[in-house]
Amino acid sequence: MQTRYTLQGDGSSQKIFLYQGGHYLGAATVEEIVQFLNKLNSDSEISRLQKKVTIGGSSSSNASAADKSKADDAKTNKSDIPGDAGIFTIPANYRGVWYSDESKMELTAHSMVADGDETELHHQSANFSEKQRQNRDIQNKTMHIAAANMTNINGFSGIYIAGWCQNAGEKTVYALHQEKGQPVLLIIGTGGGLHDIMWRSPQLAKKYAHTKFADLRKLGGIELN
């Protein structure tokens, strides 16, 4: 069975996400892979595999500018996951680490990391069917993948994120805003209400943990408690 990949970042910190038959296998940086192979003293094995590895259908020993272009395209190409319409790119001003009084979350170019769990974000095609959502095999394959898109809710623009096979219940919107002259990330439930406010530092999160903001009252939720 063919193994496919998508890439995130550049250089030794570039992250490689691996899939096999639509199943998410895991991820590692180039540096982590090199360190692992060096520990095994695998120079001869690397040389042997290098001749067999193909990028976009061409031997790595004959890699050209066209090969590099195809590898770069892998960042946005869709995978074999049912309903996948291509990887979602988080706008640059959303990226980085965000803190609330009790938790933290990191947004990278293509993923969300919360409570130590990384979820890769993809666009989902409109023809992803109800039958596919109920398929247990697809559900298992997409435990670490979520559907994402830009949207608007109650006048706030943000990133709409939902479980890949989720067909009912509340979804979440992550919207950029400003309070006290600082950027904040609003966590808004589509079922109604503001769930949380995240800041760029734990100090700010703690300082304003119990502050009510008048301009957020229209969202309901924690601002009305």
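Residues numbered from 1 in each chain as written. Predicted model: local features only at pLDDT ≥ 70, side-chain atom pairs only at ≥ 80, totals over all residues. Heavy atoms only, no water.

Colleague: Honestly, the overall build of the chain in this entry has me stumped. Any pointers?
Modeller: Of regular secondary structure, the chain possesses 6 helices and 15 strands. Buried residues in the chain amount to 35% of all 225 residues. Contacts spanning at least 24 positions in sequence make up 45% of the contacts within the chain whose residues lie at least 6 apart. Working note: accessible area of the chain is about 12800 Å², and carbon and sulfur atoms make up 49% of it. (Helix = DSSP H or I, 4+ residues; strand = E, 2+ residues; numbered from the N terminus. Buried < 20%, exposed > 50% of the residue type's maximum accessible area, 1.4 Å probe, protein only. Contact = heavy atoms within 4.5 Å. Areas by Shrake-Rupley, 256 points an atom, 1.4 Å probe, with all protein chains shown as cover.)

Colleague: So what exactly am I meant to see when it comes to the packing of aromatic side chains here?
Modeller: Summed over all chains, the structure comprises 3 aromatic pairs. Ring geometry for Phe 128 against Trp 164: centres 6.1 Å apart, planes inclined by 50°, an arrangement best described as tilted. In this pair, Phe 128 sits in the loop between β10 (117-124) and α4 (130-133) while Trp 164 sits in the loop between β12 (156-163) and β13 (172-179), placing the two residues 36 residues apart along the sequence. The pair Phe 128 / Trp 164 is uniform in exposure class, with both members buried. Centroid distance Trp 199 to Tyr 208: 4.9 Å. Interplanar angle 20°. Geometry classified as stacked. (Phe/Tyr/Trp six-rings, centres within 6.5 Å; stacked < 30°, edge-to-face > 60°.)

Colleague: I would appreciate a short explanation of the pairing of strand β11 (residues 145-153) in the present structure.
Modeller: Each regular strand displays side chains that alternate between the two surfaces of the sheet. Where β10 and β11 come together, 3 bridges link them in parallel fashion. Residue pairing for β11: Leu 121 is matched across the bridge by Ala 146. Bridge count between β11 and β12: 8 bridges; the pairing is antiparallel. Opposite Ala 146, over in β12, you have Gly 163 as the bridge partner. Between the antiparallel neighbours β11 and β12 lie 2 residues, among them Asn 154 with a positive phi of about 50°. (Pairing = 2+ DSSP bridges.)

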